[in-house]
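# Architecture at a glance
Chain by chain, the residues run as shown.
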Amino acid sequence: MASIFFQGIRSNQLIVYPLAHFSRIQTAVYCTLQRPQGQARPQEVSFQEQRKVQQTSSQTTTRKPLEQNMQGYEAIIGIETHVQLSTVTKAFCSCPYFYGSPPNTTICPVCMGLPGTLPVLNSKVVDFAVKLALALNCELSVTSKFDRKQYFYPDLPKGYQISQFDIPIATKGFIDLDLPVEFGGGHKRFGITRVHMEEDAGKLLHSDSGSYSHVDLNRAGVPLLEIVSEPDMRSGLEAAEYAAELQRLVRYLGVSNGNMQEGSLRCDVNVSIRPRGQLELGTKVEIKNMNSFSAMNRAIDYEISRQFLLHSQGQSDQIVQETRLWEEGYQKTVTMRKKEGLADYRYFPEPDLPEVVVTEDYIENIRSSLPELPELKRRRYEKMGLSMQDVLFLADDISVANFFDSTLENGAEAKLAANWIMGDIAAYLKNEHLSIDEVKLTPQELAELISSIKGGIISGKIGKEILFELITKGGTVQKIIEEKDLVQIVDPGAIEAMVDKILEENPKQLQQYRGGKTKLQGFFAGQVMKESKGKANPTLLNKILSEKLNANSK
Amino acid sequence: MSFLIPNPRLILPARRLALPSSRSTSPRQLLHGADTASATLSSPPSNTVASGVPSSEILSIRDSLLSRRRTASDIAGEYLDRLHKVEPQIRSFLHVSESAMKEAEEVDRMVAAGRELPPLAGVLVGVKDNICTVDMPSTGGSKILKGYRPAFDATAVRRLREAGAIVVGKTNLDEFGMGSSTEGSGFQVTANPWDLSRVPGGSSGGSAAAVSARQCVVSLGSDTGGSVRQPASFCGVVGMKPTYGRVSRFGLMAYASSLDVIGCFGSSIADVAILLNVISGHDRLDSTSSKRDVPDFANELVSLNNLDSKPLKGLKVGLIRETIGEGVDAGVVSAVQAAASHLEHLGCVLNEISLPSFSLGLPAYYILASSEASSNLSRYDGLRYGNQVGNGELSSIYGHSRANGFGDEVKMRILMGTYALSAGYYDAYYKRAQQVRTLIQKCFRDAMNDNDILISPAAPSAAYKIGEKTNNPLAMYAGDIMTVNVNLAGLPALVVPCGFVDGGPAGLPVGLQIIAAAFCEDTLLRVGHIFEQTLQNCRFVPPLYGAN
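Residues numbered from 1 in each chain as written. Chains lettered and ligands numbered in written order. Predicted model: local features only at pLDDT ≥ 70, side-chain atom pairs only at ≥ 80, totals over all residues. Heavy atoms only, no water.

### Focus on the overall build of chain B
The helix and strand inventory of chain B stands at 19 helices and 11 strands. Counting the 548 residues in chain B, one finds 65% classified as buried. Restricting to contacts in chain B with at least 6 residues of sequence separation, those with at least 24 account for 76%. Accessible surface for chain B amounts to roughly 18400 Å². Of this, 51% is attributable to carbon and sulfur atoms. (Helix = DSSP H or I, 4+ residues; strand = E, 2+ residues; numbered from the N terminus. Buried < 20%, exposed > 50% of the residue type's maximum accessible area, 1.4 Å probe, protein only. Contact = heavy atoms within 4.5 Å. Areas by Shrake-Rupley, 256 points an atom, 1.4 Å probe, with all protein chains shown as cover.)

Here's what the structure looks like:
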């Protein structure tokens, strides 16, 4: 019954903010699975079905054949991630860095490597490294040092990169994450081998003709953290989820924007396969050039399939240690360079920089300043009784999580707040390409809205209208209700009058209903709601309408 | 201060060299009290030459300016005339400033306006060409940087200018400081003012020769393995290698970053003390520069007429046995032994001591310095600055720019360093050398527990003939035996002329090296000053200057 009624108002909803609704149907992202209120069930079902279709189709392209055909083999995946830190200035000089600045405009003698210049460590880099190391549950090196990694390349102005070699700032950590529900879910822990600080190189801009290249040193000297994982991942999905969790962490911590397209988060993946039960690892292949998590997922699964195929054809000797590039256009990996043995970077301790010593006090200070991290948030949300789907969505983005938490602090019920945020609000944000802190809606007003609906002051439908108003124009729930006279009609007599009027105006439909076409209740409900300008209490309306339709049919 | 002065009251109070800051006070008054006008220290240079006891040329210039006896333009003119006159023979400068006279006139305007004169007002300073100057080319003595003009002044140079100094030019050196004779310059060979057929030492040979020949008042050098001290010894001038970290390295083209330090040359201890005062101190652009307070070095020097008969009574001096043994010229040994006797005479307690790890210093130094050099010189690839050679293809530019730009000695050290850092060799060479370095540091610490200062020759011989060792790099390297250990330990050391050996038209000077504990430059300068002021029968003015 409720479902019929709901469909009745949905057409109305399209008029109010059609774009939001439209985008939800089209994109079918995780966030659209649940409707803000209990009434939303039918739609939820239809969305889930839609998801299933999508899932199966994606599984048929990559995952299914892999899992089915990998009998006897397993893939071993390790990831090296470079995170560009969002410090105000570079690692060893006072130049700022802005992505997209005109070439060679944020450089100075130090990051240009001019003769006589010396690096001076930006202490923020250590702060950020320690933050991330603590978030990754690492052991910190009380004393670490910088080393020089030496090679010649035009984007490396000093002829060496300042990095950390044998004593990184942090080692032996782990990362906890929850796999997406639609891929089977499950909690995973992946080991972190080390975290170290280093500087980025510049960029080469190759000419179209290929006959010359320009050097842009803007990025030279920008601080990076390199995070090396243990080879704990077994599939493209796990690898992509690892990277996504890392991105979440750096964003929670505010140490990086984690943007893959801008190169603020770059993953190099090592993939090998081996027969199950075999201890030694197979020949590993490095994959580069993946600029989204889904590309990572697909690139790795492609590479696993490629290696498995070679094994199954008895050509495992064709798997050589090399670096392969993910070609997004062709959806395959191609050889970039084959390694002739190990490169000798002739590391030695950087004599221009003193050792980095982190004291217990300093570490504790940073530890106590850490925000609640994604894993803890997820566990807390889970304990509130939210579904894993909700938990994953809400904890995904720190600003969403903060908004949600703040809404709860203002008295809203977790499930209701989650539904609003994940439903209408998320849809709007996605459609407008905004983040939750860029709109005028405040957690206080969302909480107020929820309580107004719950208290029966306004209907859910009116609630949606008010929400739209709050998002776009701001203001308070109370004021909007007053200004627009939106208080819900709960007087049964008034509703009955409207029902009578509608039944009278639509004798043909009434006859059809009574002839057995009971689906038409939705039509009547919609008409009555329209008549009430959306203010009729839906439960009452439904009840009265039902009584009228059925009573008179006798 | 770690040594006792027998009756401090006699020496210390109000009887110090001071940097006068007020235009109304004569330096003479500050230096020696209002009534001691006869002091040697403030005598003009001509008197110095006559008396044989070195005095501060910086203070005498200041005195002349404040008393308006001479103008800064006069003084600069005199130096520049001499510079140009002897330059064809000495060839100590790679570049001479075109604005020196203008800067001197500016000082005269300050004097005329009655403005307070900064401590080095009107003082002509030579700067080693591996130290960056914004207004002059800075090549490091290498063809790969021919014509290169830095975008900034080195911190030491900036401090010089802020102190009113006139940077008169850029002095010659072994390419990037790699050498001990200045024959390794990519541009020219500098001659020793004491004997034009001999080397001035190196790598700061240009800076030492220029001060020796009075082409400038004082100069800056750099010392990685002895590059200030050995040429000071060869040229008969005072050379100071400060503690590692005392002077900012920002703007010094790196040779071996963990050993490099900017040092000073002067014709008297007082000048070196004043110069060191100006350039010392923490610099936020060099994170290896020390945050320790810089004592007023010049102010702690005691004037000659306030000395008692045993001014260094109780000071414990260790003569390093390994430095006066085999392989060291007899003339050098006897000059140093005479200097040791002189110190005893001044009240020091002399002990011969042993530094067991002494002989390990040289190989460890050459491994570490070459390793760091191989890395530091990677930036000279011909791409962004300096001399580019090649057909436009990347590896050709790298290869040809470096092949043409670097000299043989530099290439050899890059190769040695690259080898020492290579996988599979690192532990046997670089790591081992670092262990030796730790051992040497410990040896010095032990020795410093028992002694206030250590002494040794500054080099195993006096200046040798140009060309004598150019085909024998090992013999050349062996000449650094006296100095490299001090760099490995990071300690300060002073070289003060102490005697002569036969050779050349007027004999060849020999320097005494005095080593102190880290950041005890004040001890070195105080001892050096008393030594210098009491040394009899020596006049460290080269014949070339005398002829002028």
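### Focus on the pairing of strand E8 (residues 349-353) of chain B
All names here are of chain B. For strand E7 (residues 316-320) and E8, the ladder comprises five bridges, and the chain directions are parallel. Within E8, the position partnered with Ile320 by the bridge is Ile353. A crossover connection joins E7 to the parallel E8 through helix H11 (residues 330-345); in handedness this β-α-β unit is right-handed. (Pairing = 2+ DSSP bridges. Right-handed = clockwise from strand over helix to strand, strands pointing away.)

### A short note on the nonpolar core
By size, the foremost hydrophobic cluster in this structure holds 166 residues, and its most contacted members are Leu120, Leu160, Phe176, Ile279, Leu343, Leu512 and Leu525 of chain B. With nine residues, the top contributor of residues to this core is helix H10 (residues 269-279) of chain B. Those residues in contact with Leu512 of chain B that sit more than four places away from it in its chain are Val336, Ala339, Leu343, Ile455, Ser456, Leu494, Val495, Val496, Cys498 and Phe531 of chain B. Counting residues in hydrophobic clusters, the runner-up holds 69 residues, among them Ile77, Phe128, Phe190 and Leu353 of chain A. (Core = buried A, V, L, I, M, F, W, Y, C linked by side-chain atoms within 4.5 Å.)

### Looking at a nonpolar patch on the surface
Together, Tyr419, Tyr425 and Tyr429 of chain B give the surface a local cluster of nonpolar side chains, amounting to about 290 Å² of exposed area. Within the element layout of this structure, Tyr425 of chain B appears in the loop between helix H14 (408-421) and helix H15 (427-450). (Patch = residues over 30% accessible without salt bridge, like charges linked within 9 Å, V, L, I, M, F, W, Y side chains within 5 Å. Salt bridge = Lys/Arg side-chain N within 4 Å of Asp/Glu carboxyl O.)

### A few points about the pairing of strand E5 (residues 238-241) of chain B
All names here are of chain B. Of the two faces of E5, the one carrying Val238 and Met240 and the one carrying Gly239 and Lys241 are both buried. One ladder, built from three bridges, connects E5 with strand E6 (residues 262-266); its direction is antiparallel. Looking at E6, one finds that Val238 is bridged to Gly266. When E5 meets strand E10 (residues 493-501), the two strands line up antiparallel, connected through three bridges. Among the inter-strand pairings, Lys241 is bridged to a residue of E10, identified as Ala493.

### Remarks on the UniProt feature "active site" (unreviewed entry) in chain B
Residues and elements named next belong to chain B. In the numbering used here, UniProt assigns the "active site" (unreviewed entry) feature to Lys128, Ser203 and Ser227. A stretch of 100 residues holds the annotated residues, and the largest C-alpha distance among them is 10.9 Å, short enough that they meet in one place. With respect to the helices and strands, Ser203 occurs in the loop between strand E3 (166-171) and helix H8 (205-212). Given the relative accessible area of 1%, Ser203 is considered buried. (UniProt positions renumbered as here; feature names shortened; annotations may be inferred.)

### Considering the environment of Trp420 of chain A
All names here are of chain A. Mapped onto the secondary structure, Trp420 falls in helix H11 (residues 414-432). Accessibility expressed as a relative area gives 1% for Trp420, which makes it buried. Sequence-wise, Trp420 and Ile450 are 30 residues apart; in three dimensions their C-alpha atoms are separated by 8.6 Å.

### Observations concerning helix H12 (residues 361-376) of chain B
For the α-helix, the turn length of 3.6 residues means that residues three or four positions removed from each other point alike. Between its first and last C-alpha, H12 of chain B extends 22 Å over 16 residues, near the 22 Å set by a 1.5 Å rise per residue. Taken across its 16 residues, H12 of chain B has 14 buried, putting it largely inside the fold. (Expected span 1.5 Å × (residues − 1).)

### A short note on unusual backbone geometry
Omega for the bond connecting Gly202 of chain B with Ser203 of chain B falls within 30 degrees of zero, at 10 degrees, which places this linkage in the cis form. For Asn289 of chain A, which is not glycine, the phi dihedral falls at a positive 75 degrees. With respect to the secondary-structure elements, Asn289 of chain A resides in the loop between strand E12 (285-288) and helix H6 (293-312). Take Asn289 of chain A: its relative accessible area is 48%, and that puts it in the partly exposed class.

### Some details on the packing of H11 of chain B against helix H18 (residues 521-534) of chain B
Describing two packed helices takes the angle between their axes plus the distance from one axis to the other. Residues and elements named next belong to chain B. At a minimum axis distance of 11 Å, the contact between H11 and H18 shows a crossing angle of 100 degrees. Relative to H18, the element H11 is oriented roughly perpendicular. On H18, the residues that touch Ala339, His342 and Leu343 of H11 are Val527, Phe531 and Thr534. In the contact of H11 with H18, the residues fall into four nonpolar, two polar and no charged. (Axes fitted to C-alpha atoms, helices over the stretch in contact; angles between N-to-C directions. Parallel < 35°, antiparallel > 145°, perpendicular 65-115°, else oblique. Nonpolar A, V, L, I, M, F, W, Y, C, P; charged D, E, K, R; others polar.)

### Description of the environment of Gly327 of chain B
Residue and element names in this part refer to chain B. Inspection of the secondary structure puts Gly327 in the loop between E7 and H11. Residue classification places Gly327 among the exposed residues on the basis of a relative accessible area of 65%. Linking Gly327 and Lys146, residues 181 residues apart in sequence, is a C-alpha distance of 38 Å.

### Description of the confidence of the model for chain A
When pLDDT is averaged across chain A, the result is 83; 86% of the residues are at 70 or more. The model gives residues 1-65 of chain A a pLDDT under 50, and that stretch makes 104 contacts with residues more than four places away or in other chains. (pLDDT = per-residue confidence, 0-100.)

### A closer look at the UniProt feature "domain: Asn/Gln amidotransferase" (unreviewed entry) in chain A
Sites flagged by UniProt as "domain: Asn/Gln amidotransferase" (unreviewed entry) map to residues 402-549 of chain A. Each end of residues 402-549 of chain A is marked by a C-alpha atom, and these two atoms are 47 Å apart; helix forms 72% of the span and strand 0%.

### Focus: the sheet that holds strand E6 (residues 170-178) of chain A
All names here are of chain A. Ordered by their spatial adjacency, nine strands build an open sheet running E2-E6-E7-E10-E1-E11-E12-E13-E14, and the pairing between neighbours is mixed. Of all the strands in the sheet, just strand E2 (139-140) and strand E14 (332-338) have a single pairing partner and so form its edges. Lying over the sheet, H6 contacts strand E1 (73-84), strand E11 (265-275), E12, strand E13 (322-327) and E14, oriented at roughly 25 degrees with respect to E11.

### Brief notes about the packing of aromatic side chains
All names here are of chain B. A complete count under the given rule lists 26 aromatic pairs over all chains for this structure. Ring geometry for Tyr148 against Tyr385: centres 5.4 Å apart, planes inclined by 45 degrees, an arrangement best described as tilted. In this pair, Tyr148 sits in the loop between strand E2 (124-128) and helix H7 (155-162) while Tyr385 sits in the loop between H12 and helix H13 (394-405), placing the two residues 237 residues apart along the sequence. Centre to centre, the rings of Phe176 and Tyr380 are 4.8 Å apart; their planes meet at 25 degrees, and the pair counts as stacked. In this pair, Phe176 sits in the loop between E3 and H8 while Tyr380 sits in the loop between H12 and H13, placing the two residues 204 residues apart along the sequence. On the basis of relative accessibility, which here comes to 1%, the residue Phe176 falls in the buried class. You can call Tyr380 buried: its relative accessible area is 3%. Grouping aromatic residues by their ring pairs yields a cluster made of Tyr148, Phe176, Tyr380, Tyr385 and Phe406. (Phe/Tyr/Trp six-rings, centres within 6.5 Å; stacked < 30°, edge-to-face > 60°.)

### A word on the domain arrangement of chain A
Per the domain assignment, the segments of chain A are domain 1 (66-356), domain 2 (372-484) and domain 3 (492-550). Taking the mean C-alpha position of each, domain 2 of chain A and domain 3 of chain A sit 32 Å from one another. (Domains from an automatic or database assignment.)

### Regarding the interface of chain B and chain A
Taken together, the 38 residues of chain B in the interface contact 30 residues of chain A. For the pair chain B and chain A, the two sides together bury roughly 2600 Å², of which 59% comes from carbon and sulfur. Joining chain B to chain A, the criterion identifies one salt bridge. Notably, a salt bridge pairs Asp352 of chain A with Arg249 of chain B, separated by 3.0 Å at the nearest N-O pair. Here chain B and chain A share 16 residue pairs in polar contact (both at pLDDT 80 or more) between them. Within the residue set of the side of chain B that touches chain A, elements represented by two or more residues are H12, H13 and H14 of chain B. Broken down by class, the residue content of the side of chain B that touches chain A amounts to 19 nonpolar, 12 polar and seven charged. (Buried area = accessible area lost by both parts, 1.4 Å probe. Polar contact = N/O pair within 3.5 Å; in protein donor to acceptor, adjacent residues only side chain to side chain.)

### What about the sheet that holds E10 of chain B?
All names here are of chain B. Pairing in this open sheet of 11 strands is mixed, and the strands run E1-E3-E2-E4-E6-E5-E10-E11-E9-E7-E8 from one edge to the other. Strands at the two margins of the open sheet, each flanked by one partner only, are strand E1 (93-96) and E8. Between one strand and the next, the sheet's axes are offset by a mean angle of 30 degrees, whatever the strand orientation.

### Notes on the environment of Gly534 of chain A
As for its placement among the helices and strands, Gly534 of chain A is situated in the loop between helix H17 (521-531) and helix H18 (538-553). Among residues more than four places away in sequence, those in contact with Gly534 of chain A are Ser459, Lys461, Ile462 and Met529 of chain A.

### Looking at the pattern of salt bridges
In the structure shown here, the tally under the stated rule is 62 salt bridges over all chains. Ionic pairing is found between Lys548 of chain A and Glu496 of chain A, a salt bridge with its closest N-O pair at 2.8 Å. With Lys548 of chain A in helix H18 and Glu496 of chain A in helix H15 (residues 492-505), this pair connects stretches of sequence that are 52 residues apart. Residue classification places Lys548 of chain A among the buried residues on the basis of a relative accessible area of 17%. A salt bridge links Lys442 of chain B to Asp446 of chain B; the nearest nitrogen and oxygen atoms lie 2.9 Å apart. One end of the pair, Lys442 of chain B, and the other, Asp446 of chain B, are both in helix H15, four residues apart, so they sit about a helical turn from each other. For Asp446 of chain B, a relative accessible area of 35% puts it in the partly exposed group. Three or more residues joined by partner-sharing salt bridges are found here, namely Asp178, Glu245, Arg248, Glu375, Arg378, Arg379, Glu382 and Asp396 of chain A.

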